[in-house]
Amino acid sequence: MNTAAGTIDRPLTHDPQKQAPMTSSTSEPIGSASTDVTTLGAHASRQNRTREMQLIPEALARAHMRERLREADEQRTGTRLVAARRMQRRAERASMRARRALAMAVMQ
């Protein structure tokens, strides 16, 4: 059986302490990659990345809730506007009835 180095999909080990340090490729332009990183730096980087990955669903949930609250607020505003227009039309009809009644009283 061939014991080749691990790949990204199938690493030799999942323990960051036992993994080889990350090095920049010779084919990359200078300045595109960071300098060699120690295993401790790689471990801290992986831990930070893991923490960030764990917080992604929480951030998505927060954004989703914010969007739902905004939609609910818009709907509430729309409902208030419809109710205000309805009350305005009702008041206008009442005003017209009052004018008609006054005109009828003055005419007699």
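One can find the structure itself at the top, above this paragraph.
Structure report, in brief. Being a predicted model, the structure only gives us computed values, none of them experimental. (Residues numbered from 1 in each chain as written. Predicted model: local features only at pLDDT ≥ 70, side-chain atom pairs only at ≥ 80, totals over all residues. Heavy atoms only, no water.)

**Section: the overall build of the chain**
Item 1. A tally of helices and strands in the chain yields one helix and zero strands.
Item 2. Counting all 108 residues of the chain, 2% fall into the buried class.
Item 3. As displayed, the chain offers around 10,000 Å² of accessible surface, 59% of which is attributable to carbon and sulfur atoms. (Helix = DSSP H or I, 4+ residues; strand = E, 2+ residues; numbered from the N terminus. Buried < 20%, exposed > 50% of the residue type's maximum accessible area, 1.4 Å probe, protein only. Areas by Shrake-Rupley, 256 points an atom, 1.4 Å probe, with all protein chains shown as cover.)

**Comments concerning the pattern of salt bridges**
Item 1. Inspection of every chain in the model, using the stated rule, returns five salt bridges.
Item 2. Of the charged contacts, one joins Glu58 and Arg62 as a salt bridge, the two residues approaching to 2.6 Å between their closest N and O atoms. One end of the pair is Glu58 and the other is Arg62, both in helix H1 (residues 39-107) and four residues apart, which spans about a single turn.
Item 3. Since its relative accessible area comes to 41%, Glu58 is described here as partly exposed.
Item 4. Residue classification places Arg62 among the partly exposed residues on the basis of a relative accessible area of 46%.
Item 5. The salt bridge partner of Arg68 is Glu71, with a shortest N-O separation of 3.6 Å. One end of the pair is Arg68 and the other is Glu71, both in helix H1 and three residues apart, which spans about a single turn.
Item 6. For Arg68, a relative accessible area of 36% corresponds to the partly exposed category.
Item 7. Judged by relative accessible area, which is 35%, Glu71 ranks as partly exposed. (Salt bridge = Lys/Arg side-chain N within 4 Å of Asp/Glu carboxyl O.)

**Let's talk about a nonpolar patch on the surface**
Item 1. On the surface, a cluster of nonpolar side chains totalling about 320 Å² of accessible area is made up of Met53, Ile56 and Leu60.
Item 2. Following the sequence through the fold, Leu60 ends up in helix H1.
Item 3. Residue class for Leu60 comes out exposed when judged on its relative accessible area of 57%. (Patch = residues over 30% accessible without salt bridge, like charges linked within 9 Å, V, L, I, M, F, W, Y side chains within 5 Å.)

Distances and angles like these do not, on their own, reveal function.
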